[in-house]
Amino acid sequence: MAMKVYGDGMSACVARVLLCLHEKETEFELVPVDLFACHHKLPSFLSMNPFGQVPVLQDDDLTLFESRAITAYIADKHKDKGTDLTRHADAKETAIVKLWSEVESHHFNPAVSAVIHQLIVVPLQGEKSPDAAIVEENLEKLGKVLDVYEERLGKTKYLAGDSYTLADLHHVPYIYYFMKTSHAGLVNDRPNVKAWWEDLCSRPAFLKVSPGLTIAPVTN
């Protein structure tokens, strides 16, 4: 039985899981969850994820939430299929993948997600305008992270070495949305980061996922 992913393809976190499934050449079913109608807050959904957030993965009797936990599970279960996203044959290479995955989670994501929240989610809620101070504060944080990436990517093709891994994949949906904003220069002005991004967004797996990333940011 194919894995089931509950969510909406426009969600960056859902797209992260879909991207992993495509990289692993694994069959799955996307079960739509209407976020605008708050179906992720219904009791039936909360029984799968008590935090009321997408995505949720069901694989037979296993239910998982949190996108990075899901991608780690998929990459491990299907380690011999598709792209080797964890470098599982070498403990040291695997450790480097985990290291840069932690960097994404703890340094990159908080900054970029705060910017995207202000420029995309807040306008969708229709209650207020983006907070320019929050945007600027997190653009500064993001720039410092990308400076580290620029140096790292001057030494290796990808963050964890010369192979594409989860450490790169986890960045893709949020960078895609970020590049639609007027702040894309933070990526484009760093040659190594720009080349890395152009590589990531040209992968066949992402070309299958990107049509679902349909939300446009406001001008800011």
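Predicted, not measured: the structure shown is a model, and the values here were computed from it. (Residues numbered from 1 in each chain as written. Predicted model: local features only at pLDDT ≥ 70, side-chain atom pairs only at ≥ 80, totals over all residues. Heavy atoms only, no water.)

Novice: I keep staring at the pairing of strand β3 (residues 56–59) and nothing clicks. Help me out?
Specialist: Within a regular strand, the side chains alternate between the two sheet faces. One ladder, built from three bridges, connects strand β1 (residues 3–7) with β3; its direction is antiparallel. Following the sheet pairing, K4 is matched in β3 by Q58. With four bridges connecting them, β3 and strand β4 (residues 62–65) associate as antiparallel partners. Bridge assignment links Q58 to a residue of β4, and that residue is T63. Here β3 hands over to β4 after two residues, with D60 in that stretch at a positive phi of 55°. (Pairing = 2+ DSSP bridges. Helix = DSSP H or I, 4+ residues; strand = E, 2+ residues; numbered from the N terminus.)

Novice: Please explain the side chain of D199 as it appears in this structure.
Specialist: Among the secondary structure elements, D199 is positioned in helix α9 (residues 191–200). In this structure D199 comes out as buried when scored by relative accessible area, which is 19%. Residues within four places of D199 in sequence aside, it is in contact with K157 and Y158. (Buried < 20%, exposed > 50% of the residue type's maximum accessible area, 1.4 Å probe, protein only. Contact = heavy atoms within 4.5 Å.)

Novice: Sorry if this is basic, but what is going on with the sheet that holds strand β2 (residues 28–32) here?
Specialist: The four strands lie next to each other as β2-β1-β3-β4, forming an open sheet whose pairing is mixed. For this open sheet the edge positions go to β2 and β4, each flanked by a neighbour on one side alone. On average, adjacent strands in this sheet sit at an angle of 20° to one another, irrespective of strand direction. With five bridges joining them, β1 and β2 adopt parallel strand pairing. Looking at the pairing, Y6 lines up with V31 of β2. Where helix α1 (residues 12–23) meets the sheet, it contacts β1 and β2, and its direction lies at approximately 155° from that of β1. Across the sheet, helix α3 (residues 67–77) is in contact with β1, β3 and β4; its angle to β4 comes to roughly 135°. (Axes fitted to C-alpha atoms, helices over the stretch in contact; angles between N-to-C directions.)

Novice: Explain the packing of helix α4 (residues 91–125) against helix α5 (residues 132–152) to me, please; I cannot follow it from the model alone.
Specialist: Axes are the key here: two packed helices are described by the angle between their axes and the distance separating the axes. Direction vectors running N to C along α4 and α5 enclose 150°, while the axes themselves pass 8 Å from each other. Considered as vectors, α4 and α5 are oriented roughly antiparallel to each other. Classified by chirality, the crossing of α5 by α4 is left-handed. Considered class by class, the residues forming the contact of α4 with α5 number 18 nonpolar, three polar and three charged. (Parallel < 35°, antiparallel > 145°, perpendicular 65-115°, else oblique. Left-handed = near helix turned anticlockwise from the far one by under 90°. Nonpolar A, V, L, I, M, F, W, Y, C, P; charged D, E, K, R; others polar.)

Novice: How should I be thinking about the pattern of salt bridges in this particular structure?
Specialist: Charged atoms that come close allow side chains of opposite charge to pair. Evaluated as defined, the whole model comprises eleven salt bridges. A salt bridge links E104 to R16; the shortest N-O distance between them is 3.7 Å. Here E104 is found in helix α4, whereas its partner R16 is found in helix α1, with 88 residues between them in sequence. This pair shows no difference in class: E104 is buried, exactly as R16 is. One salt bridge in this structure joins D84 and R87, with 3.7 Å as the shortest N-O distance. The network of salt bridges with common partners includes R16, R68 and E104. (Salt bridge = Lys/Arg side-chain N within 4 Å of Asp/Glu carboxyl O.)

Novice: When you look at the nonpolar core in this model, what are you seeing that I'm missing?
Specialist: One broad rule of soluble globular proteins: the nonpolar side chains tend to lie buried together. Counting 65 residues, the largest nonpolar core has F108, Y149, F178 and W196 as its most contacted members. Setting aside anything within four residues of it in sequence, one finds F108 in contact with V103, L142, V145, L146, Y149, H171, Y174 and I175. (Core = buried A, V, L, I, M, F, W, Y, C linked by side-chain atoms within 4.5 Å.)

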